[in-house]
Amino acid sequence: MANPTVAAPAPANSFFRVQHTGPLTALQITDKIMAQSGAPGRAKTVDRITAGDPTAAVAGIAVTAMATFDSLKAAAAANCNLVVTYEPVWWMDDDSLDRMEGDELFAAKRDFIQTHEMVVFNFHDHWRDRTPDGIAVGMAKALGWEGYLADASRPATFRLPSTTLFGVAKELHTKLGDRTMRMVGDPRLKVRTVAASWGNTDQITMIHLLNEAVDVVICGYTHEWEAVEYAQDMIAIGDKKGLVLLGDVKSVEGGMKYCADWLKTVVTDIPVTFVPVAEPYWNPADLG
Amino acid sequence: MLAAGAAAAAVATTARPSSAGSLTAGEVIERMKQHIGGPWREGGVDGFKAGTPDTVVTGVATTMMATFDALKGALAQGCNMVITHEPTYWSHPDTLTYIQDDPLYRVKHAFLEKHNMVSYHLHDHWHALKPVDGIDMGTMQRMGWMRYMHTDNPRMFTLPPQTLLSLARDFQKKMNDRTLRVVGDPAMPVRIVYESWGNCSQFPGTQFMNTEADVLVIGEAQDWDLVEYARDLVSSGKKKGLILLGHVLSEQWGMKYCADWLKGFVTEVPIKFVRIIEPFWNLRHPVFEINTRI
């Protein structure tokens, strides 16, 4: 589609051309988003339309970190029927439906999507593979840390004004609105250099990051029986290290807010709205 | 009890003053095999991760996870054999392929060797203990839930009526859990609880959430699968809750029970339960409990 934003009638002489002349469809927009992302594309990607009719006309676009039922309701209330999400709508990395037969919640969420003529687009890999990583750029903006980038080629390594592990945690809590973040290490640890691995972080990636010349590693989530144990053990032999687990959504949401701003430059004639996701958890101690 | 018999025979022939001083790690494992109540299966993650079966045991320490801290704790109590439910080397199968040159791997490995220690991974078979999963048993004992257990499903409990908040507080107190996290309405009435201590995957976690239980209590799960499912259930109008205790805190009393179980058939050496610290702190409770001396 050379110019998918054009909605004018086709000229009479283009009878045999396949040209869509109505409002933009979800598929036209998602194709354009992937192309404009500039990411090379992966042999196997989770990025695709995961719910709804790809030919549905799009009234508005909602961008969110996670297409929870709540996010879908908020999108519908904002008259957005294309939902661009970083995390899956069907509770699995790859939105697999293999085990969803007979699942009442699946049916309820699917029916809500159909009733509201919604389309859900998983936009994860392309946004991460973009140069620089879209999530990293947005998280740096959300934290106001763009000026602290330690190395131009690494969008998530920061050299901060002198602080402590507690100080970093407090700042993340305040700026990201994160109530249930969890830390490993001495709260009084002196901190200058911080490496972030936004979102989920596997064992080997985390082990490598912890062994770099950084004081603290920040992630969304990493398995407790793997890299969390590794971090504890580093500290137990006297290494001065800290680890912060923000929770998945809080660790990527700034990146999707930035995605919404970017999308406004890609799709100019349809409204784009950012839909925040509430923190999933509470801790009893915070309820008084 | 063949192995124990052999040990006793060895003691007799070498005329040692007592059997303490000759019990080997391999003999402890052989006795465990006799008492586990089912077949000992090869192919899982269980086995020696440090030390050898012929290591002479000074004492046995059971622990939830063979962290460096736990190893120090075991030594401090005179135990050179550690029986751990979770890995020694930071992955479920204790894979060493990628960490041969890892500096921390080398230090931990050298520490274990220097102190003539054994680290034995007891995961699969402790869950397979008959008649009740060893982790489930220890946790039930800690929570005082034996009388609430469903006869047709040992992972379901009908508790006295309470709210999701009061149940969360009960866990916070009995498991000394600063950083537990809860999904759902704090005021929601709770009667029936389903447990899945430790890690809980999307499947079968979603099935557990769709039982008659009001609340699913687990150790750890991923935010973008089971946790999202739980919040969506709540959003769809279902009265459901999900409590995440943290992986090691949710299972560690099962390893206390393991120490009690071992005392029934390992009498020559001391048996100790080494309690591990909560891995995390939060802003409300900034604490530092890791022993950094080596």
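Residues numbered from 1 in each chain as written. Chains lettered and ligands numbered in written order. Predicted model: local features only at pLDDT ≥ 70, side-chain atom pairs only at ≥ 80, totals over all residues.

**With respect to the interface of chain B and chain A**
Threshold: Once C-beta atoms are placed from the backbone, any two residues with those atoms within 7 Å are in contact. Segments assigned H or I by DSSP are reported as helices when at least four residues long, segments assigned E as strands when at least two residues long, and all are numbered from the N terminus. Side-chain classes are defined by residue name, with Ala, Val, Leu, Ile, Met, Phe, Trp, Tyr, Cys and Pro counting as nonpolar, Asp, Glu, Lys and Arg as charged, and the others, Gly among them, as polar.
Each side of the interface is counted separately: chain B has 56 residues, and chain A has 53 residues. Looking at the side of chain B that touches chain A, the elements with two or more residues in it are α3 (68-76), α4 (103-114), α7 (164-174), β7 (181-183), α8 (202-209), α9 (223-235) and α10 (247-263) of chain B. Ranked by the residues each element gives to the side of chain B that touches chain A, the list is headed by α9(B), at ten residues. Taken together, the residues of the side of chain B that touches chain A break down into 28 nonpolar, 15 polar and 13 charged.

**A look at the domain arrangement of chain B**
Applicable threshold: These domain boundaries are the output of an automatic or database domain assignment.
Once the domains are mapped, chain B shows domain 1 (2-129 + 264-274) and domain 2 (134-247). Its C-alpha centre places domain 1 of chain B at a distance of 32 Å from the equivalent point of domain 2 of chain B.

**Re the packing of α8(B) against α9(B)**
Residues and elements named next belong to chain B. What counts is decided by this rule: Angles run from 0 to 180 degrees between N-to-C directions of axes, and those axes are lines fitted to C-alpha atoms, restricted for helices to the stretch in contact. Comment on the angle field: the value is read as roughly parallel under 35 degrees, roughly antiparallel over 145, roughly perpendicular from 65 to 115, and oblique elsewhere. Crossing handedness: left-handed means the near helix sits turned counterclockwise from the far one by under a right angle, and right-handed means the same turn made clockwise.
One way to put it is that α8 packs onto α9 with a least axis distance of 9 Å and a crossing angle of 20 degrees. Overall, the two elements α8 and α9 adopt an arrangement that is roughly parallel. Here α8 and α9 pass one another in a crossing that is right-handed. In contact with Q202, G205, T206 and M209 of α8, α9 contributes D225, L226, Y229, A230 and L233. Taken together, the residues that form the contact of α8 with α9 break down as five nonpolar, three polar and one charged.

**Topic: the environment of A:G22**
Residue and element names in this part refer to chain A. What counts is decided by this rule: The exposure scheme places C-beta atoms from the backbone and then counts, for each residue, the other C-beta atoms within 10 Å of its own, assigning buried at 20 or more, exposed at 12 or fewer, and partly exposed in between.
Inspection of the secondary structure assignment puts G22 in the segment before α1 (26-37). For G22, a count of 8 C-beta atoms within 10 Å puts it in the exposed group. Counting along the chain gives 35 residues from G22 to A57, while the straight-line C-alpha distance between them is 8.1 Å.

**Examining the nonpolar core**
Definition in use: Here, a nonpolar core denotes buried Ala, Val, Leu, Ile, Met, Phe, Trp, Tyr and Cys residues that are linked to one another through C-beta atoms within 7 Å.
Counting 172 residues, the largest nonpolar core has A:V83, A:V244, B:V60, B:M81 and B:V82 as its most contacted members. Once residues lying within four places of it in the same chain are set aside, the contact partners of B:V82 are B:A61, B:T63, B:A66, B:A70, B:L71, B:A74, B:M117, B:V118, B:S119 and B:Y120.

**A closer look at the domain arrangement of chain A**
The domain boundaries assigned to chain A delineate domain 1 (12-129) and domain 2 (134-249). Put simply, the middle of domain 1 of chain A and the middle of domain 2 of chain A, counted by C-alpha atoms, are 31 Å apart.

**Here we look at unusual backbone geometry**
When glycine is set aside, most residues are seen to have a negative phi, and most peptide bonds are trans. The omega angle of the peptide bond from A:T131 to A:P132 is -10 degrees, so this bond is cis rather than trans. Mapped onto the elements, A:P132 comes out in the loop between α4 (125-129) and α5 (134-143). Residue B:P131 follows B:K130 across a cis peptide bond; omega there is 5 degrees. Summarising the element assignment, B:P131 is placed in the loop between α5 (124-127) and α6 (134-143).

**A few points about the environment of A:V244**
Residues and elements named next belong to chain A. Within the secondary structure, V244 sits in strand β10 (residues 242-245). Since 24 C-beta atoms lie within 10 Å of it, V244 is described here as buried. Separated by 48 residues in the primary sequence, V244 and A196 have C-alpha atoms spaced 9.2 Å apart.

**Describing the confidence of the model for chain B**
All names here are of chain B. Put simply, the rule reads: For every residue, the predictor assigns a confidence score, pLDDT, that lies between 0 and 100.
Scored by pLDDT, chain B comes out at a mean of 93, with 93% of its residues at no less than 70. Below pLDDT 50 for its whole length, residues 1-18 participates in 17 contacts with residues either more than four positions away or in separate chains. Quick note on the complex model: pTM equals 0.92, ipTM equals 0.92.

**Examining the pairing of strand β2 (residues 61-66) of chain A**
Residue and element names in this part refer to chain A. Worth spelling out the cut-off: When DSSP locates at least two bridges between a pair of strands, those strands are taken to pair. When the strands point away from the viewer and the path from the first strand over the helix to the second turns clockwise, the crossover is right-handed.
For β2, the buried fraction is high: six of the six residues fall into the buried class. As paired strands, β2 and strand β3 (residues 82-87) are joined by five bridges and run parallel to one another. Its bridge partner being in β3, T64 is matched across the sheet by T85. This β-α-β element, β2 to helix α2 (residues 69-77) to β3, shows right-handed connectivity. In this structure, β2 lies alongside strand β11 (residues 272-275), joined through four bridges in parallel fashion. Note that in β11 the partner of V63 across the bridge is F274.

**A word on α9(B)**
Residue and element names in this part refer to chain B. Test applied: By this rule the span expected of a helix is its residue count minus one, scaled by 1.5 Å.
Relative to the 18 Å expected for 13 residues at 1.5 Å per residue, α9 spans just 16 Å between its end C-alpha atoms, considerably shorter than the ideal helical length. Taken together, the buried positions of α9 are D223, W224, D225, L226, V227, E228, Y229, A230, R231, D232, L233 and V234. Phi turns positive one or two residues past the end of α9, at G237, with a value near 105 degrees.

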